[in-house]
Amino acid sequence: MVRLLLDPFGDAYMRRALVEILVLSGLAGVVSVYVLLRRLAFVGDALTHTIFPGIAIAFVVGQSLFVGALLAGLASAVLLTVATRIRRIDHDAALGVLVGAFFSLGVVVVSTQSSYTSDLTALLFGRILTVDTAEIIETTAIAVAVLIVLTLVHKEVVLRSFDPIAAEAMGYRVFLLDLLVNAVVALVVVAGVRAVGTVLVIALLVVPGAIARLVSERIGPMLVASVAAAGLCGYLGLVASYEASLNHGVRLGSGSTVVVALTIAFILTGGAAALLRRRGAGTAAPGSAVP
Amino acid sequence: MRILEQLGSPLIRRALLEAVLVGALCGAVGVHVLLRRLPFFTLALSHATFPGVVLASILGVSVYLGGAAAALGLVLAVAAIGSTRRLEASTATGVALAGAFALGVLLQSAQSSATRNLAGFLVGDILTVSTEDLAMTALFGLVVTAALIVFHKELVLSAFDPIGARAAGYATTRLEVLVLACVALTVVTSLRAVGTILSVALLVTPALAARQWTTDIGPVMALAAAFGALAGVGGIAASAQWNVAGGSAIALAATALLAVTVAVQQARTLVGRQASRHGSKSRELAS
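Residues numbered from 1 in each chain as written. Chains lettered and ligands numbered in written order. Predicted model: local features only at pLDDT ≥ 70, side-chain atom pairs only at ≥ 80, totals over all residues. Heavy atoms only, no water.

Peer 1: Please clarify how the overall build of chain B should be interpreted in this entry.
Peer 2: Assigned secondary structure in chain B consists of 13 helices and 0 strands. Each helix and strand of chain B, ordered N terminal to C terminal, gives the series α-α-α-α-α-α-α-α-α-α-α-α-α. Computed over C-alpha atoms, the radius of gyration of chain B comes to 21 Å, within 12% of the 19 Å expected from 2.2 N^0.38 for 287 residues, which places it in the range of a compact globule. Classification of the 287 residues of chain B by burial places 54% in the buried group. Only carbon and sulfur atoms are counted for the fraction: they give 66% of the accessible area of chain B, which is about 12300 Å². (Helix = DSSP H or I, 4+ residues; strand = E, 2+ residues; numbered from the N terminus. Rg over C-alpha atoms; globule rule 2.2 N^0.38 Å. Buried < 20%, exposed > 50% of the residue type's maximum accessible area, 1.4 Å probe, protein only. Areas by Shrake-Rupley, 256 points an atom, 1.4 Å probe, with all protein chains shown as cover.)

Peer 1: Looking at this model, I keep getting lost on the packing of aromatic side chains. Mind explaining?
Peer 2: In this description, a pair of aromatic rings is defined by centroid distance and the angle of the planes. Residues and elements named next belong to chain B. Counted by the stated rule, this structure contains 4 aromatic pairs over all chains. Centre to centre, the rings of F50 and F101 are 4.9 Å apart; their planes meet at 20 degrees, and the pair counts as stacked. Placement of F50 in helix α3 (residues 39–59) and of F101 in helix α5 (residues 89–110) is noted, with a sequence separation of 51 residues between them. Like F101, F50 is buried. Both rings, one in Y64 and one in F140, keep their centres 6.1 Å apart while their planes meet at 90 degrees; by these two values the pair is edge-to-face. Pair noted here: Y64 is in helix α4 (residues 63–82) and F140 is in helix α7 (residues 131–150), with a separation of 76 residues, a long-range link. Neither residue differs from the other here; Y64 and F140 are each classed as buried. (Phe/Tyr/Trp six-rings, centres within 6.5 Å; stacked < 30°, edge-to-face > 60°.)

Peer 1: What is the right way to look at the nonpolar core in this model?
Peer 2: The nonpolar side chains of a soluble globular protein tend to be buried with one another. Core analysis: the largest hydrophobic core is formed by 180 residues, its most contacted members being V31 and F266 of chain A. Excluding its chain neighbours within four sequence positions, the residues that come into contact with F266 of chain A are V207, A210, I211 and L214 of chain A together with I81, L87 and V95 of chain B. (Core = buried A, V, L, I, M, F, W, Y, C linked by side-chain atoms within 4.5 Å. Contact = heavy atoms within 4.5 Å.)

Peer 1: Is there a simple way to explain the layout of surface pockets in this structure?
Peer 2: If you roll a probe as big as a water molecule over the atoms, it shows you where there is empty space left. Of the voids in this model, the largest pocket is the one considered here, and its volume is about 1200 Å³. Forming the boundary of the largest pocket are 43 residues, of which D92 of chain A together with R37, E88, A89 and S90 of chain B lie nearest the centre. Residues that form the lining of the largest pocket fall into these classes: 19 nonpolar, 12 polar and 12 charged. (1 Å grid on protein atoms, 1.4 Å probe; cavity = no way out; pocket = protein on both sides within 12 Å on 5 of 7 lines; lining within 4 Å. Points joined across faces, edges and corners; volume = space filled by probe spheres on them. Nonpolar A, V, L, I, M, F, W, Y, C, P; charged D, E, K, R; others polar.)

Peer 1: Would you mind going over the packing of α3 of chain B against helix α11 (residues 191–211) of chain B with me for this structure?
Peer 2: To characterise two packed helices, one gives the angle between the axes of the helices and the distance between these axes. Residues and elements named next belong to chain B. At a closest axis distance of 8 Å, the pairing of α3 and α11 adopts a crossing angle of 170 degrees. Judged on the interaxial angle alone, α11 and α3 are roughly antiparallel. Packed against α3, whose contacting residues are P39, T42, L43, S46, H47, T49, F50 and V53, the element α11 presents L191, T196, I197, S199, V200, L203 and V204 at the interface. Here the contact of α3 with α11 is composed, by residue class, of 9 nonpolar, 6 polar and no charged. (Axes fitted to C-alpha atoms, helices over the stretch in contact; angles between N-to-C directions. Parallel < 35°, antiparallel > 145°, perpendicular 65-115°, else oblique.)

Peer 1: When you look at helix α8 (residues 133–162) of chain A in this model, what are you seeing that I'm missing?
Peer 2: In an α-helix there are 3.6 residues to a turn, and that puts residues three or four apart on one side. Residues and elements named next belong to chain A. The first and last C-alpha atoms of α8 sit 40 Å apart over 30 residues, in line with the 44 Å expected at 1.5 Å per residue. Along α8, the sharpest kink reaches roughly 65 degrees, centred on V153. By the N-cap criterion, in which a side-chain oxygen at the helix start approaches the backbone nitrogen of a residue two or three places on, α8 is capped by D132, the distance to A134 being 3.3 Å. (Expected span 1.5 Å × (residues − 1). Bend = angle between axes of the 7 residues up to and from the residue. Polar contact = N/O pair within 3.5 Å; in protein donor to acceptor, adjacent residues only side chain to side chain.)

Peer 1: Sorry, what's going on with the interface of chain B and chain A here?
Peer 2: Quoted interface sizes are often the accessible area lost when the parts come together. Contact residues are listed per partner, giving 51 residues for chain B and 51 residues for chain A. Buried area between chain B and chain A, summed over both chains or domains, comes out near 4300 Å², and the portion from carbon and sulfur atoms is 73%. Scanning the region where chain B abuts chain A turns up 0 salt bridges. Counting across the interface, chain B meets chain A through 1 residue pair in polar contact (both at pLDDT 80 or more). With 14 residues, α5 of chain B is the single largest residue contributor to the side of chain B that touches chain A. Split by residue class, the side of chain B that touches chain A holds 32 nonpolar, 15 polar and 4 charged. (Buried area = accessible area lost by both parts, 1.4 Å probe. Salt bridge = Lys/Arg side-chain N within 4 Å of Asp/Glu carboxyl O.)

Peer 1: What should I look at first to understand the pattern of salt bridges in this one?
Peer 2: Oppositely charged side chains are able to pair whenever their charged atoms sit close together. What the rule picks out here adds up to 3 salt bridges over all chains. Of the charged contacts in the structure, one is a salt bridge between D178 of chain A and R38 of chain A, with a shortest N-O distance of 2.9 Å. Residue D178 of chain A is located in helix α10 (residues 174–215), and its partner R38 of chain A is located in the loop between α2 (12–37) and α3 (41–50); the two are separated by 140 residues in the primary sequence. Residue R36 of chain B pairs with E176 of chain B through a salt bridge whose shortest N-O separation is 3.2 Å. Highlighted residues: R36 of chain B in the loop between α2 (10–35) and α3 and E176 of chain B in helix α10 (residues 172–189), separated in sequence by 140 residues. E176 of chain B gets classed as partly exposed once you look at its relative accessible area, which sits at 32%. One salt-bridge network, held together by shared partners, links R38, R160 and D178 of chain A.

Peer 1: How should the side chain of S216 of chain A be read in this particular structure?
Peer 2: As for its placement among the helices and strands, S216 of chain A is situated in the loop between α10 and α11 (219–247). By relative accessible area, which is 13% here, S216 of chain A ends up buried. A polar atom in the side chain of S216 of chain A sits 3.0 Å from the backbone nitrogen of R218 of chain A. In this structure, S216 of chain A is in contact with P221 and M222 of chain A together with R86 of chain B, ignoring residues within four places of it in sequence.

Peer 1: Hey, could you run me through a nonpolar patch on the surface in this one?
Peer 2: All names here are of chain B. A surface patch of nonpolar side chains, about 470 Å² in accessible area, is lined by L55, I58, L59, V61 and L65. By residue number, the principal contributor to the nonpolar patch is α3, which donates 3 residues. Relative to the elements of secondary structure, L55 occurs in helix α3. (Patch = residues over 30% accessible without salt bridge, like charges linked within 9 Å, V, L, I, M, F, W, Y side chains within 5 Å.)

Peer 1: Is there a simple way to think about α10 of chain B in this case?
Peer 2: With 18 residues, α10 of chain B extends 25 Å from end C-alpha to end C-alpha; this agrees with the ideal 26 Å at 1.5 Å per step. Inspection of α10 of chain B places T172, L175, V179, L180, C182, V183, A184, T186, V187, V188 and T189 of chain B among the buried residues, and these make up the whole buried set.

Peer 1: What is the right way to look at the side chain of T189 of chain B in this model?
Peer 2: With respect to the element layout, T189 of chain B can be found in helix α10. With residues near it in sequence (within four places) discarded, T189 of chain B still touches E18, V22, L25, Y64, T137 and F140 of chain B.

Peer 1: Can you help me understand the environment of V264 of chain B in this one?
Peer 2: Residues and elements named next belong to chain B. One can find V264 in helix α13 (residues 246–286). Judged by relative accessible area, which is 34%, V264 ranks as partly exposed. Separated by 44 residues in sequence, V264 and V220 place their C-alpha atoms 17 Å apart.

Peer 1: Please clarify how unusual backbone geometry should be interpreted in this entry.
Peer 2: One can expect most non-glycine residues to show negative phi and most peptide bonds to be in trans. The residue R37 of chain B is not glycine, and still its phi comes out positive at about 55 degrees. Looking at R37 of chain B, the relative accessible area reads 56%, which means it is exposed.

Peer 1: Can you walk me through the packing of α2 of chain B against α7 of chain B in this structure?
Peer 2: Residue and element names in this part refer to chain B. Here α2 crosses α7 at 20 degrees, and the two axes come no closer than 10 Å. Taken together, the axis directions place α2 and α7 in an arrangement best described as roughly parallel. Crossing geometry of α2 relative to α7 is assigned as left-handed. When α2 is examined against α7, the residues R14, L17, E18, L21, V22, L25, V29 and H32 are found in contact with a partner set consisting of T131, D133, L134, T137, A138, G141, V144, T145 and L148. Partitioning the contact of α2 with α7 into residue classes produces 9 nonpolar, 5 polar and 3 charged. (Left-handed = near helix turned anticlockwise from the far one by under 90°.)

Peer 1: Before we go on, may I ask you to explain the environment of V67 of chain A in this structure?
Peer 2: Tracing the chain through its elements places V67 of chain A in helix α5 (residues 65–83). Considering only alpha carbons, one finds V67 of chain A and V190 of chain A, 123 residues apart in sequence, at a separation of 9.1 Å.

Here it is in structure tokens:
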């Protein structure tokens, strides 16, 4: 059993993949709790799509994909924040339009290339096994920056999540706070693009927070549970994909295996929580601190 | 216009017809998506059809069947996660979306010819539409349109005032399921034309554009269908002209329609404001 869990990391490329996924899990685990608090699941998903044209254009003109993703991510964070504040148009509709427009733009740009299909697949699903040291450093830099920002504005963001009117009345700039949180989500998407691809990064942004919410309703423990769940599933997903691909002849993509591990963890936690609640139904008073 | 020269090709004619049918259907159904604030759910639904489509293509059964089965699975999963009460709807939708999509990619990667059809499922491949696909689109379109027309009054009432509709004795849950089923069927139908990711663009954008012109639901639906069909034709023409991906060109054409709509409406508001200012000034002079 120990051999099964340690063996895959004999090769340098697997160790790099492990470091990348652990850094990313720590980052996404923390941000995931804010995504849950601020109900940003759709915004997160929208950002994974709106970042795509940036990557596509950078790819076509031969610039760094990272820079392309970063620029598109920050630009779309601003657009999303502005679009969701237009009174005449429903939030969700505005997001739907932006997702469709940005993503199609990316596809149109990529479709002018001859190696269309395989490029698109690589951009969408990432290739964590080819991560190099420079990319790990980029991811770590993003993680550190995001964690510092979140530590600084934690109190304000929590207040804004639970009571936006009070936050406004107390003189906080709600628009700027929203923009900041959306930009943080965009940064996580940018960091996750290579590891698990634009499409699957949404799982890292939503599922760990949801698992944590099943475990606790206090924000501190939720942050710990979220990071732990993301890290553990990242590790187990890599092991499972390595084992299945090398020793059982079933090629499982590593990024998607990580996401499936997260989903299984969510289902198990949900089942356990339901069982515990049923057992303690008479004693504990139902109450929720999280919206 | 290169599209006019290519009209002789049955390939292009089939693509045009499919684009018009799918565009009109998505436009009309999209009005209900907006009324019930379902855009995120629609996006999740479109992603969730993906594992079904992949599994169906591995097993060699109809991709429509696989997509529809997966869509049904997603509706049940969201309902199950949402019923725990500790997680609100958008988180439940996000979790189900991510899990379903990863499952699709995993299935696809376990197959030997990994990347072969992937992009086609994701962003559509409208030029490969066959006559059977067209027949399927027309059939699904008729079923959905008939359902929307027959239950129009009940659907609109329960969207605007669910409590009132329930009090008036309508089965609101069943109506909700009917709308979700219509959306799911529409997403599955548009697989061929615009793929799993972009169907949300056709389901939201034309309806939103139509909504800016009038607020009467019947006319909005007709206008949205017209906008959708127009985006279909425009997208295919652009795709033929500049040799870019068809499905995405359709989505971008829909976005352009919305942009023009918003610009015209803004201009009208400005002109109207000026006119009323002018009018009040001349009245003041007259008195």
